[in-house]
Protein chains: 2
Amino acid sequence: MQIKMGVAKAGIKPSGDYDILVLRFNPSVYSAVFTQNSLAAAPVIYDKLVCSIQDKISAIVVNSGNANAATGQKGFENAEKMAQITAENLGIEKEEVLVFSTGVIGVQLPMDKVENGIKEATKNLQDFDLELSARAISTTDAFYKYYETTGEIDGKIFHIKGIAKGAGMIHPNMATMLAYIFTDVKIEKPLLDKVMKLVVERTFNSISVDGCESTNDSFVIVATGENDIEIDDSNKVYFAKKIYEVALKLAKMIVKDGEGATKLIEINIFGADTKEKAKKVAEAIATSNLFKTAMFGNDPNWGRILAAVGQLHHNIDFSKVKLYIGNYLIYAGEPIDFNKDEIVEYMKNNKEINIDLYLNQGEEDWSFYTCDLGYKYVEINAEYTT
Amino acid sequence: MQIKMGVAKAGIKPSGDYDILVLRFNPSVYSAVFTQNSLAAAPVIYDKLVCSIQDKISAIVVNSGNANAATGQKGFENAEKMAQITAENLGIEKEEVLVFSTGVIGVQLPMDKVENGIKEATKNLQDFDLELSARAISTTDAFYKYYETTGEIDGKIFHIKGIAKGAGMIHPNMATMLAYIFTDVKIEKPLLDKVMKLVVERTFNSISVDGCESTNDSFVIVATGENDIEIDDSNKVYFAKKIYEVALKLAKMIVKDGEGATKLIEINIFGADTKEKAKKVAEAIATSNLFKTAMFGNDPNWGRILAAVGQLHHNIDFSKVKLYIGNYLIYAGEPIDFNKDEIVEYMKNNKEINIDLYLNQGEEDWSFYTCDLGYKYVEINAEYTT
């Protein structure tokens, strides 16, 4: 893909590492979704405006180390200035640029540093390096998150490359999950928006580290259209699956990097009567502190799982419910005997744990991804003060 | 008050301490509310049936050590049997007895022990001892929860006595908050139901230890009518306030006894446009892990408080919002300078912390009570396995 990138160490991030990323590409179809937190950050508010008037974009600029959130009117002006500076240095229109920030909440951006950083990044454009770009947008990430794959339609190859950052709403006053996926197919915006909607619901909207939604969460898919594969009704399902594959890999990486996480837990709900219910049930389990601490303690505590579901006040007949941890049946409409030692061993020896819950009331399913809750979460969030 | 009680060590509780409580009183007006968890325990399902047909009750029986929850049809039959045994031994009708259980989820009640315990308890009735009765219903409580007060109407004194147990949904597979308040006034059931509704919303329904709602939560108010004070329109507000006072004391004790809690945090929302919104905002803050760990770390982290509010997706104008920790203003529509050291000192030196949030969009207020989240919570919930 003909995507170019530039990075800079602008001095916004306390560590002194790369904290500006500029991505430059041909005017491209795109689809973007943002946090629904009503304390949305300035760049989110700005980008939403741009998205409402702009069909194609040509650049993305991200700073890490400062979220530009809860910064009022001045914050909004600074977000717009970031777009302006980027556009000027790339020789494009301001409206072709989307702006993202991640880092500390409630502090104005150091615009001198931001400006110098963007100038430097745009001066030294290079080929798209996934690891380096993931590094430039990272904040408290324990590892850099990126993934790429290819697909084939009518014998022709297309590419998908994704980068992401975040571990829930991690450090004190640190915000944000950011994810960007690029592909080189040709696709109309309405169809890309549909693909986005499908994919984001089953990936980035189905992960939870601590149930806290950040002020800056953003996810963008860009289709540069530089190869001659056209996505239409005949191949849209295949294309959506490939995008889903990349998004899910990135989403799982974010959960794995959850604060103090020792396990990735996949919660699969089967047999719900509606998709919405399946998702709510999965989410209720994924966000229960009692469940997450039990997972940390390798405890096959089915009572906590069912109680979390019961807390939804949904109409569920628990006498029809079956619950598995891994391949072990631990509840079947009533308490049953199971070999606890064997299950504890499975939980101790696996970094990825499956919880499968069969509601037996319909045909809908949903998967949600979360991590366990251990001492490290408390340490990170309590001992590192603002 | 002419309330009699009996206790027994039936051997249901692993500690061997008192685990059966029987309370006996004249046929009395009562009002009861139960958990809305759809995995409601057998005694809750049974009591709800009784409440729908019964205007007065004469006895309450509680066992601790076993929740009789997720126990299916047999669990229901055992709950009914507890009422039957109690009624027979007291010489009253089965429908005059409400039944409660608290303890481990998913294990059938040891009915031999229960029956012997009830027999012993009913044989040795004594005067109502608040501490002893609180002890008999306790499970993992760090201290026994009870409170009493008196009120005066037209120069005549009435009494209110309350007991409670619980610390959220505390130990692994341990469930339940139980609370009972007794008063000796005369009151009609419809009016007592109204008082109950008012009181429970602002007390037991406005506390959170870990956001997890148990399978057995129950709260009962009993009015024996043995003195000649009649509650009517002229004094109902005063009476409700007195009941509220006792319920709030008990509710706060439960939060203080939250798992690993080092602080009781009172979250006061002012100036919401609706009561419902005020409560939702208070609850969103009270259940945010990021907020609760910051409180544990004595960190005046206003970004986490506002982000928790933003996560509700309510229409809130954050440029009008004012936020205080204790008496210290820390946000006023935009980030402001504050003396952080002074606030950290306040947080370190106080076991009860106030968070006051002014939304400035209406006249409604709400208070919610929670505790901080520290290492001890993880220890209790992860290291003690089922």
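Residues numbered from 1 in each chain as written. Chains lettered and ligands numbered in written order. Predicted model: local features only at pLDDT ≥ 70, side-chain atom pairs only at ≥ 80, totals over all residues. Heavy atoms only, no water.

Engineer: How should the UniProt feature "active site" (unreviewed entry) in chain A be read in this particular structure?
Structural biologist: Within this structure's numbering, the places UniProt gives as "active site" (unreviewed entry) are Thr176 of chain A. Within the secondary structure, Thr176 of chain A sits in the loop between strand E7 (156-165) and strand E8 (178-183). (UniProt positions renumbered as here; feature names shortened; annotations may be inferred. Helix = DSSP H or I, 4+ residues; strand = E, 2+ residues; numbered from the N terminus.)

Engineer: Is there a simple way to explain the sheet that holds strand E9 (residues 207-208) of chain B in this structure?
Structural biologist: Remark on secondary structure: sheet strands pair via backbone hydrogen bonds, oriented parallel or antiparallel. Residue and element names in this part refer to chain B. The six strands are arranged E9-E15-E11-E14-E12-E13 in an open sheet whose pairing can be described as mixed. Two strands lie at the open edges of the sheet, namely E9 and strand E13 (328-332), each paired on one side alone. Lying on the sheet, helix H6 (residues 236-256) is in contact with E9, strand E11 (264-272), strand E14 (352-358) and strand E15 (364-371); it crosses E15 at an angle near 40°. (Pairing = 2+ DSSP bridges. Contact = heavy atoms within 4.5 Å. Axes fitted to C-alpha atoms, helices over the stretch in contact; angles between N-to-C directions.)

Engineer: How should the domain arrangement of chain A be read in this particular structure?
Structural biologist: Interface size is often expressed as the accessible area that is lost when the parts come together. Residues and elements named next belong to chain A. Domain annotation of chain A identifies domain 1 (4-256) and domain 2 (264-383). For domain 1 and domain 2, the distance between their C-alpha centroids amounts to 32 Å. With 17 residues of domain 1 at the interface, the matching set in domain 2 holds 18 residues. Note on domain 1 versus domain 2: buried area summed over both sides is about 1,500 Å², and carbon and sulfur give 54% of it. The interface formed by domain 1 and domain 2 contains four salt bridges. (Domains from an automatic or database assignment. Buried area = accessible area lost by both parts, 1.4 Å probe. Salt bridge = Lys/Arg side-chain N within 4 Å of Asp/Glu carboxyl O.)

Engineer: Please clarify how the environment of Gly155 of chain B should be interpreted in this entry.
Structural biologist: Topologically, Gly155 of chain B is positioned in the loop between strand E6 (145-153) and strand E7 (156-165). Gly155 of chain B sits 74 residues away from Ile229 of chain B along the chain, and the two C-alpha atoms are 9.9 Å apart.

Engineer: Looking at this model, I keep getting lost on the pairing of strand E2 (residues 20-34) of chain A. Mind explaining?
Structural biologist: In the case of a regular strand, side chains alternate between the two sheet surfaces. Examined bridge by bridge, strand E1 (residues 4-8) of chain A and E2 of chain A share five bridges and lie antiparallel to one another. Directly across from Lys4 of chain A, in E2 of chain A, lies its bridge partner Arg24 of chain A.

Engineer: What is the right way to look at the pattern of salt bridges in this model?
Structural biologist: Should the charged atoms of two oppositely charged side chains come close, the side chains can pair. Residue and element names in this part refer to chain A. For the coordinates displayed, the defined rule picks out 34 salt bridges over all chains. A salt bridge links Glu80 to Lys94, with the shortest nitrogen-to-oxygen separation between them at 2.6 Å. One end of the pair, Glu80, is in helix H2 (residues 72-90); the other, Lys94, is in the loop between H2 and strand E4 (97-104), with 14 residues separating them in the sequence. Glu80 sits in the partly exposed class, given a relative accessible area of 27%. For the salt bridge of Lys275 with Glu364, the shortest nitrogen-to-oxygen distance reads 3.2 Å. Residue Lys275 is found in helix H7 (residues 275-286), and its partner Glu364 is found in strand E15 (residues 364-371); the two are separated by 89 residues along the sequence. Residue classification places Lys275 among the partly exposed residues on the basis of a relative accessible area of 42%. On the basis of relative accessible area, Glu364 is assigned to the partly exposed category, the value being 24%. Among the charged side chains, a salt-bridge network with shared partners connects Asp141, Lys145 and Asp257. (Buried < 20%, exposed > 50% of the residue type's maximum accessible area, 1.4 Å probe, protein only.)

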